[in-house]
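# Fold and contact review
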Amino acid sequence: MSVLVSRLAEWIADQRWYATKGRQPRIRVIGALEGVVPDGHPHAEGATVVSYLLIDEAHEKPVLYQVPIVHRDAPLEGGEAFLIGEVDGRHLYDGPHDPAYAASLLHQITHALDTSGEGATASGHKLLDPGVRVESRVLRGEQSNTSIIYDVEGGPVPHVIAKVFRVLHHGENPDVTTQAALTSGGSRRVPTSFGSLTATWPDPGRESGTATGHLAFVQEFLPGLEDAWRVALRAAEAGEDFSEQAFELGRTVAEVHQVLAETLETVEAGPNEIAGALESMRRRVRIASAEAPAVAPFGERILALYDRTAEVEWPRLQRIHGDLHLGQALYSPERGWVLLDFEGEPLRPMPERSRPDVTLRDVAGMLRSFDYVAGSLAHSDPPVDASAWASTARRSFVDGYIAASGTDVRAQRALLDAFEIDKAVYEAVYEARNRPDWVSIPTSAVERLVARSAPPVAE
């Protein structure tokens, strides 16, 4: 095992998903989950599938990784780029790139195989009936996870995708549970969910001594579709009306919210919940005022608006998307808009991303995204003035949301503006750190929204 750990430490440091860049990994194995390759699979002979759970203590806060490996008696033809090394006379390959692991993962999840004796449990819908042919390949370019695309000939859908989580966390992953809830609720506004794989591992820092989290999940894959950002950007650049598409996108978001409210827990927005949300928003204002100076002149008025929203009635809290923007929606000619990636805001701790939240946060996120279409075109060469286009699209999106939800979010204007300001403040910090030339996009929105909903603070 020591030779394996040493080789893995060398290999993991060069992977795109390795979180502690610039440091020498200090890893130890805390779990090993053996997979089962389906009988008769052409790549099964001489292959053993094992998913290792590795704790890396190179950083002050240890990180837990999942590293699926296929141990082979002989080299895998065409697998040179994914060879981790040789240990005890066997060839070790990065699992997602090896067809034996890809077949094992899909078989285990979609047949709901229980390997709880090894610490892992699968829960899914049967996808691979006898006679179904499957080919797999890895989706390129991902940073934090690894996704395997399967072409399923003779199955209920032609393509599925398995997302393999490289960095593991205790608690449910909302990308898994939210989409599973929407599938169980009959929604066609998300890819169909086919199941997931969870594991339990030792965690001395927890009272129970163990932690549980998701390793992977499988859902329908929709290739060849454009996301709403590209569709909207092209329309805005050409000056084409986007009202109908924005209206339907608003309807889609409202329909997803409705199914989530029906299938998952909703809670009253009590004083503690409101106070916690507002404290996070105030903290972002303080950070932005320091890092994006253009926000600072509006700081007091923003905080005053937040104080007033504590006194208004908040809608019930429920599961939401959490990081909604135009890039998270695909257009299907058969199904209309389809929403993706329910993992939540990347900078929030995983347990917080599953907490019930305000649906207006998603509405505000999409409104900001329309604003970004205009902002990005204003920075193009030559610049394009799409401000009127964005205003119309924003209005149509809200109209569509109201039509499908039956809730007049315009009657909650101060609260909606507060969430949109919060998103713009978040964007201002991002732009100040990464694209200083673009910081005017969110700060101009802050100025506009403050002028509408936050009157000057009395001297």
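See the structure printed just above.
The present account deals with the structure reproduced in this document. (Residues numbered from 1 in each chain as written. Predicted model: local features only at pLDDT ≥ 70, side-chain atom pairs only at ≥ 80, totals over all residues. Heavy atoms only, no water.)

### Observations concerning the sheet that holds strand β1 (residues 27–34)
Hydrogen bonds between backbone atoms are what pair the strands of a sheet, whose relative direction is either parallel or antiparallel. Spatial ordering of the open sheet is given by β1-β2-β3-β5-β4, a layout of 5 strands whose pairing is antiparallel. A single partner strand is all that each edge strand has here, and the edge strands are β1 and β4 (83–87). With strand direction ignored, the average angle separating the axes of adjacent strands in the sheet is 30°. Relative to strand β5 (residues 90–94), strand β3 (residues 63–72) is paired through 4 bridges, and the arrangement is antiparallel. Across the sheet, the residue bridging to R72 is H91, located in β5. (Pairing = 2+ DSSP bridges. Helix = DSSP H or I, 4+ residues; strand = E, 2+ residues; numbered from the N terminus. Axes fitted to C-alpha atoms, helices over the stretch in contact; angles between N-to-C directions.)

### Describing helix α5 (residues 243–263)
For α5, which comprises 21 residues, the first-to-last C-alpha distance of 31 Å matches the rise-based estimate of 30 Å (1.5 Å per residue) to within 8%. Buried residues of α5: S243, A246, L249, G250, T252, V253, A254, V256, H257, V259 and L260, and no others. Against α3 (174–184), β13 (329–332), β14 (336–339), α9 (360–378) and α10 (387–405) lie the buried residues of α5. (Expected span 1.5 Å × (residues − 1). Buried < 20%, exposed > 50% of the residue type's maximum accessible area, 1.4 Å probe, protein only. Contact = heavy atoms within 4.5 Å.)

### Topic: the packing of aromatic side chains
Summed over all chains, the structure comprises 10 aromatic pairs. Seen in terms of ring centroids, W11 and W17 are 5.8 Å apart; in terms of plane orientation they differ by 65°. Their pairing is edge-to-face. A residue is classified by how much of its surface remains accessible, and W17, at 7% relative accessible area, is buried. Between the aromatic rings of F242 and W389, the centroid separation amounts to 5.5 Å while the plane-to-plane angle is 40°, which identifies the pairing as tilted. One end of the pair, F242, is in the loop between α4 (228–238) and α5; the other, W389, is in helix α10, and 147 residues separate them in sequence. The exposure class assigned to W389 is buried, which follows from its relative accessible area of 11%. One aromatic cluster is present, built from ring pairs that chain together W11, W17, Y18 and Y65. The lysine or arginine in question, R435, covers the ring of W438, its NZ or CZ lying 4.1 Å from the ring centre. (Phe/Tyr/Trp six-rings, centres within 6.5 Å; stacked < 30°, edge-to-face > 60°. Lys NZ or Arg CZ within 6 Å of the ring centre and 35° of its normal.)

Limitation: the analysis is restricted to geometry and does not speak to function.
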